[in-house]
Amino acid sequence: MKLMFYGAAREVTGSCYGVEVNGKKILVDCGLHQGSDNGFGQNFAFYPGEVDRVVITHAHIDHSGRLPLLVKQGFHGKIYATEPTCELLEIMLRDSAHIQEVESGWRNRKQKRAGDVVAPPLYTMEDAEKVFSMLVPCRYDELIDTGDGASIRFVDAGHLLGSAYIEMLLKEDKVNKKIVFSGDIGVPGHPLIRDPQYIKEADYVVMESTYGDRVREPVFDHVTDLAAAIDSTLGKGGNVICPAFAVGRTQGLLYNLREIKERGLVKSVPDFKVYLDSPLASAATKIYSGENVAYLDDEAAALIKSGVQPLWFEGLHIIESVDESKKLNDDVSPKVIISSSGMCDAGRIRHHLKHNLWRRECAVVFSGFQANGTLGRTLIDGIASNVTLFGEEIAVRCRIFNFRTMSAHADKDGLLKWIGAFESALSRVFVVHGEHDICAAFSVLLGELGYNAVAPKYSAIYDLLSNEMILEGRDIVRRGEPEYVARRETPVYQRLMLAGTRLIEVITRNKGGANKDLGKFADQIDALSNKWDR
Ligand SMILES: [Zn+2]
């Protein structure tokens, strides 16, 4: 019975963990590495054909975006996720495949011109579509026997529609162990989705630490502050531009805007128009307002019951085509535009920024995490008087708002409350899904509070029966340098490192084998080492 760390180990993206029970391998999450190139950075530290089944905590791409690659490389088992997650995965993986195809085409044209070898996209639409038939939609709080001594239960994480913690119950050699995977932990009081739940019992916990280093300001009134920003901007004849993540953040904004309209909080232009300019966001919004009422919080469910659509209001316009999107820039009437990407590093939002950043009467409203190096981060930090968009220098003159407390990730206090809810003694807490130093610092903090906590390294392996580390793994991110070390190593060398990681796994699986076989195996490895140790 083992636990392996294949991603989000001392980094924020690429969530992927392995559990081995009775010789079968279960994968928990299969996320895309973001901020890394699409070459080596996305390789698996195991053979996808060896994986028997997959469990997904939620639909965000850093938890699910490598599923098509897993299938392309030989996985053919079942993928368990909650009902809304399955629906959201269909649109998100299609969108991701589309991006992979477009970026690969663009990269290859450039490489061809430079005389370099061209590479196929990481995965195609066809690969993504193969994932959908493997999905097993599940409900919250039901114990699901996935066979071979493993059962799982999804518990509401309050982070995104359908988001879940996974309780995994394992039985091997008459020994029972329970691991809880936190996925992303949400915050109470978020619009539309229910408050995060708490779990009381586990032997092991694998928990996120995204905001493990900070306590956010007390929750303020989003609606009043957002309304004030809109009121003053529209009153001056300007536009309000909202960069937002298509799934989650956009729906939160629509919910707030409906309330603002209903309460008449914008006096300057009471019948103001709102344009939702993101096909992915529109598709996701339908899932939030469709047949998933049972997954919404009581407030949203009550609205629907009384005949009010929580994400729909007078003056909301959905923009589908690129032409329509461009036409918005010719329309001089003050308005609100919601578009993606949330961090302004790609997508239609960049056109809207080009046409509005230089206008003093306009405003940009941020409401989500802005990673280092993105245009969004540059704008909220206020460090540039000009930015380059589509090869053109654009002056930054408009007002910039940053409503950070609208984030759907628990802060340090929220994380401590979550782990503090466990009543049983925890054998070990594995701290993952945080920037390098944050994972380390949060595990030290848990240690001071009396937990046996560790921030495991990439490809580390732990034995769950003895609670011992079998393989330390390696630190793939250098201190103070958020970029992958992988970028400085050649792809072939990286392949070799992965082959080495796999060898260790194969060795651990042979524990208890016949002496004759183990001896032969050792001889072969020794011969190989002698050959190459030069
Ligand atoms: Zn998430």
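None of these values were measured; they are calculated from a predicted model.

Enquirer: Even after reading the chapter, I still don't get the side chain of aspartate 277, so can you show me in this structure?
Expert: Mapped onto the elements of the fold, aspartate 277 is located in strand β13 (residues 273-277). Given the relative accessible area of 0%, aspartate 277 is considered buried. Of the polar contacts made by the side chain of aspartate 277, one reaches the side chain of histidine 352; its length is 2.7 Å. The residues contacting aspartate 277, other than those within four sequence positions of it, are Ile319, Ser325, Ile337, Ile338, Ser339, Ser340, Arg348 and His352.

Enquirer: I'm lost on the sheet that holds strand β12 (residues 240-243) in this one. Help?
Expert: Strands belonging to one sheet form pairs held by backbone hydrogen bonds; the direction of such a pair is parallel or antiparallel. Read across the sheet, six strands follow the order β14-β13-β15-β12-β16-β19 without closing on themselves; strand pairing throughout is parallel. Both outer strands of the open sheet, β14 (316-318) and β19 (399-402), are each paired with one neighbouring strand and no more. With direction set aside, neighbouring strand axes in the sheet form an average angle of 20°. Relative to β14, β13 runs parallel, the two sharing three bridges.

Enquirer: Help me understand the packing of helix α3 (residues 83-113) against helix α7 (residues 279-289), please; the structure alone is not making it clear to me.
Expert: In a pair of packed helices, the angle between the axes and the distance between the axes together describe the arrangement. Where α3 meets α7, the axes come as close as 10 Å, and the angle between the chain directions of the two elements is 175°. One finds that α3 runs roughly antiparallel with respect to α7. Every residue of α7 that contacts α3 at Glu87, Leu88, Ile91, Met92 and Asp95 is listed here: Leu280, Ala283, Ala284 and Ile287. Residue classes in the contact of α3 with α7 are distributed as seven nonpolar, no polar and two charged.

Enquirer: Could you clarify how one ought to interpret a positive patch on the surface in this entry?
Expert: Where like charges cluster on the molecular surface, the positive patch consists of Arg109, Lys110, Lys112 and Arg113. Position of arginine 109 among the secondary structure elements: in helix α3.

Enquirer: Would you mind going over the coordination of the zinc ion with me for this structure?
Expert: In a perfect tetrahedron of four donors around a metal, the angles come out at 109.5 degrees. In a perfect octahedron of six, they are 90 or 180 degrees. Coordination of the zinc ion by the protein is provided by His58 (NE2), His60 (ND1), His159 (NE2) and Asp184 (OD), with metal-donor distances spanning 2.2 to 2.3 Å. For the zinc ion, the four donor atoms are set out with angles of 91 to 168° between them, so the coordination reads as irregular. Along the chain, the residues donating to the zinc ion are arranged with the sequence spacing H-x1-H-x98-H-x24-D. Here histidine 159, found in the loop between β8 (150-156) and β9 (164-172), pairs with aspartate 184, found in the loop between β10 (175-181) and β11 (204-208); they are 25 residues apart in sequence, far enough to count as distant. For aspartate 184, a relative accessible area of 2% translates into the label buried.

Enquirer: Explain unusual backbone geometry to me, please; I cannot follow it from the model alone.
Expert: Most of the time, phi is negative for any residue but glycine, and the peptide bond is trans. For the peptide bond that leads from serine 340 to serine 341, omega is 15°, which places it in the cis range. One non-glycine residue, serine 459, adopts positive backbone phi at about 70°. Of note, serine 459 is situated in the loop between β21 (453-454) and β22 (461-463). In this structure, asparagine 467 takes a positive phi of about 55° despite not being glycine. Relative to the assigned elements, asparagine 467 resides in the loop between β22 and β23 (468-471).

Enquirer: Before we go on, may I ask you to explain the packing of aromatic side chains in this structure?
Expert: How two aromatic rings sit relative to each other is given by the distance of their centres and the angle of their planes. The full count for this structure, using the stated rule, is twelve aromatic pairs. Measuring from centroid to centroid gives 5.9 Å for tyrosine 17 and phenylalanine 181, while their planes differ by 25°, and the two rings are stacked. Here the residue tyrosine 17 occupies a position in strand β2 (residues 16-21), and phenylalanine 181 occupies one in strand β10, the gap between them amounting to 164 residues. Residue tyrosine 17 shares its accessibility class with phenylalanine 181, and that shared class is buried. Clustering of aromatic rings is evident, with ring pairs tying together Phe5, Tyr17, Phe181, Tyr204, Phe430 and Tyr462. Above the face of the tyrosine 255 ring, arginine 258 is positioned so that its terminal group lies 4.8 Å from the ring centre. One residue, lysine 261, lies across the ring of phenylalanine 272, its end atom 4.2 Å from the ring centre.

Cut-offs applied
Residues numbered from 1 in each chain as written. Predicted model: local features only at pLDDT ≥ 70, side-chain atom pairs only at ≥ 80, totals over all residues. Heavy atoms only, no water. Helix = DSSP H or I, 4+ residues; strand = E, 2+ residues; numbered from the N terminus. Buried < 20%, exposed > 50% of the residue type's maximum accessible area, 1.4 Å probe, protein only. Polar contact = N/O pair within 3.5 Å; in protein donor to acceptor, adjacent residues only side chain to side chain. Contact = heavy atoms within 4.5 Å. Pairing = 2+ DSSP bridges. Axes fitted to C-alpha atoms, helices over the stretch in contact; angles between N-to-C directions. Parallel < 35°, antiparallel > 145°, perpendicular 65-115°, else oblique. Nonpolar A, V, L, I, M, F, W, Y, C, P; charged D, E, K, R; others polar. Patch = residues over 30% accessible without salt bridge, like charges linked within 9 Å, V, L, I, M, F, W, Y side chains within 5 Å. Areas by Shrake-Rupley, 256 points an atom, 1.4 Å probe, with all protein chains shown as cover. Salt bridge = Lys/Arg side-chain N within 4 Å of Asp/Glu carboxyl O. Lys, Arg positive; Asp, Glu negative; His and termini not counted. Charge placed at Lys NZ, Arg CZ, Asp CG, Glu CD. Donors = N, O, S within 2.8 Å, 3.2 Å for Na, K, Ca; no water. Tetrahedral: all angles 85-135°; square planar, octahedral: opposite > 155°, others 65-115°. Phe/Tyr/Trp six-rings, centres within 6.5 Å; stacked < 30°, edge-to-face > 60°. Lys NZ or Arg CZ within 6 Å of the ring centre and 35° of its normal.

The values are spatial; any link to function lies outside them.
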